[in-house]
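In case you want the letters, here they are:
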Amino acid sequence: MNRDIFSRHDYCILICAGLCLLCVSIFMCGCAGPPVKHSRTREQMGTFVTITFYASGARRADIAMESAFDEIDRVASIMSAYDPGSELNRLNESGWSGYEASDELFAVIERSVSISEMTGGAFDITVGPLVDEWKKAKSQDRAPGRSAFETAGRKVGYEKISLDGETKTISFGEPGMSVDLGAVAKGYAADCAMEALRRHGIESAIIDAGGDVLARGTKPGGEAWSVAVLDPRRHSEAATILEVRDAAVATSGDYRRFIESGGRKYSHIFDPRTGRPSDCVSATAIAPDATLADALSTAFCVMGPEEAVRGADGIADVEVLIIDNSGNTFSSEGFGDYYSQPVRGREAD
Ligand code: AMP
Ligand code: MG
């Protein structure tokens, strides 16, 4: 009798175990199907951000995608120049008397200052007063005034920022100084979003934050990601297509944001060394991460072809492509390794 009950119990356990195994294998089959392309675009940081990756399991992909977009919103809320409540604006209000920053803002500013040193001051986040003058002129539909620009230019200079790594205090050396992270925030946001994808098990993806592109890994077959560099004078056409894996590509230029007045174009990118708008048409930087690529594309724009090519040749894993107003192209030694399609235009000497 006892033996009978025992064997029936045993039998039940066997059935339950079998059912569990069946459920697990059905679930596993659902997850381990062939990877499917997931791609979504949202308006964030004043531009369009597109995140693309291949993954199996729709729910896992959804969660990863949401957390990546959330990261971009989070970075925007710290670094936006337009949001009066952003940490960047709190720094700009009290930097003259010293501002105790979050670890994250401190780290981005510290890195920006080191990129200023690396680029001989062509990249400089203290361009804030020039940016404000430029925005004022743009809203009034006029050219930026020379004397207002000269006054603003005197407040610019990354050497005037002091950074205390112990207390994370940022201090401006002059009243009226302000920091603008417009040249680096989108790249930094793309790096953070990629890290969020990785935390959710997505190791290969491409993130395009309005011209700041970060590509990790490859497509499922091992193929590199394709990144188009737009023709600066024919916006909807590609000047070239690059094949990219584990690198970031950023393009800066005068073709997205500028003021046109009296037959002249005033770029939103300034040469911090002269305080004048740069006359660069298009500069594309390739770098290991998107923060660096974003900052360097702005710096290369300011530097002009010769200084930029020399600069890129001197930094490991960094390349540059400059396209000028007549379509002439100038590139660093290793840029050609990324071509999937040769650049349309004329290779200058
Ligand atoms: P990007 O489109 O990445 O080249 O960034 C351009 C933005 O960066 C401008 O709209 C300004 O807010 C800011 N900026 C302009 N000139 C510089 C510069 N030389 N260094 C750093 N930031 C700059
Ligand atoms: Mg930039």
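One can find the structure itself at the top, above this paragraph.
Just so we're clear, the structure is a prediction, and the values are computed from it rather than from any experiment.

All right, on to the environment of S331 then. Of note, S331 is situated in strand β17 (residues 328-331). For S331, a relative accessible area of 22% translates into the label partly exposed. Residues S331 and D313 lie 18 residues apart in sequence; the distance between their C-alpha atoms is 9.5 Å.

Moving on: the state of the cysteines. Inspection of the entire model under this criterion finds 1 disulfide. Bridging C280 to C301, the disulfide has an S-S length of 2.2 Å. Its torsion about the S-S bond being -70°, the disulfide of C280 and C301 is classed as left-handed. Linking C280 in the loop between β14 (276-277) and β15 (282-287) with C301 in helix α8 (residues 290-303), this pair joins segments that are 21 residues apart in sequence. Given the relative accessible area of 8%, C280 is considered buried.

So, about the coordination of the magnesium ion (ligand 2). Ligation of the magnesium ion (ligand 2) by protein atoms is provided by A183 (O), D294 (O), D294 (OD) and T298 (OG1), these donors lying 2.1 to 2.5 Å from the ion. Taking relative accessible area as the criterion, T298 reaches 12% and is therefore assigned buried.

Another point: the pairing of strand β10 (residues 247-253). Among the 7 residues in β10, 7 count as buried, and that is most of the element. Covered by surrounding structure in β10 are A247, V249, T251 and G253 together with A248, A250 and S252, the residues of both alternating faces. Pairing geometry for strand β7 (residues 212-216) and β10, over 4 bridges, is antiparallel. Along β10, the bridge assignment pairs A215 with A247. Taken together, the 6 bridges between β10 and β15 define a ladder with antiparallel strand orientation. Of the residues in β15, the one forming a bridge with A250 is A285.

Turning our attention to the sheet that holds strand β8 (residues 225-231). Reading across the sheet, the 3 strands line up as β8-β9-β18 and stay open at both edges, with antiparallel pairing between neighbours. Each edge of the open sheet is held by one strand with a lone partner, namely β8 and β18 (339-341). Across the sheet, the axes of successive neighbouring strands diverge by a mean angle of 40°, strand direction being ignored. Here β8 pairs with strand β9 (residues 234-244) via 7 bridges, running antiparallel. Bridging from a neighbouring strand, A228 pairs with I241 of β9.

With that out of the way, let us pick up the environment of I109. With respect to the helices and strands, the residue I109 is situated in helix α4 (residues 103-118). Here I109 is in contact with L91, I125, L163, I170 and V179, once residues within four sequence places are set aside.

The subject of this paragraph is the pattern of salt bridges. If you walk through the whole model with that rule in mind, you get 17 salt bridges. Ionic pairing is found between R74 and E104, a salt bridge with its closest N-O pair at 2.7 Å. Of this pair, R74 sits in helix α2 (residues 58-79) while E104 sits in helix α4; the two residues are 30 residues apart in sequence, bridging distant segments of the chain. For K160, the salt bridge identified is with E174, shortest N-O distance 3.5 Å. Taken as a pair, K160 in the loop between α6 (146-153) and β4 (161-164) and E174 in the loop between β5 (169-172) and α7 (185-199) lie far apart in primary sequence, 14 residues in all. One network of salt bridges, with partners in common, ties together R40, R42, D62 and E66.

Where β8 hands over to β9, the hairpin turn is made up of 2 residues, counted between the paired strands. In this sheet, β18 lies alongside β9 in antiparallel orientation, the contact comprising 2 bridges. Among the inter-strand pairings, L242 is bridged to a residue of β18, identified as Y339.

On to the packing of aromatic side chains, then. Geometrically, a pair of aromatic rings is defined through the distance of the ring centres and the angle of the planes. Applying the stated criterion across every chain, the model contains 3 aromatic pairs. Ring geometry for Y54 versus W225: centroids 6.2 Å apart, planes at 35°, classification tilted. One end of the pair, Y54, is in strand β2 (residues 47-55); the other, W225, is in strand β8, with 171 residues separating them in the sequence. Look at W225 and you get buried, because its relative accessible area is 3%. Above the ring of Y82, the side-chain terminus of K135 is found at 4.3 Å from the ring centroid.

Analysis parameters
- Residues numbered from 1 in each chain as written.
- Chains lettered and ligands numbered in written order.
- Predicted model: local features only at pLDDT ≥ 70, side-chain atom pairs only at ≥ 80, totals over all residues.
- Heavy atoms only, no water.
- Helix = DSSP H or I, 4+ residues; strand = E, 2+ residues; numbered from the N terminus.
- Buried < 20%, exposed > 50% of the residue type's maximum accessible area, 1.4 Å probe, protein only.
- Disulfide = S-S within 2.5 Å.
- Donors = N, O, S within 2.8 Å, 3.2 Å for Na, K, Ca; no water.
- Pairing = 2+ DSSP bridges.
- Axes fitted to C-alpha atoms, helices over the stretch in contact; angles between N-to-C directions.
- Contact = heavy atoms within 4.5 Å.
- Salt bridge = Lys/Arg side-chain N within 4 Å of Asp/Glu carboxyl O.
- Phe/Tyr/Trp six-rings, centres within 6.5 Å; stacked < 30°, edge-to-face > 60°.
- Lys NZ or Arg CZ within 6 Å of the ring centre and 35° of its normal.

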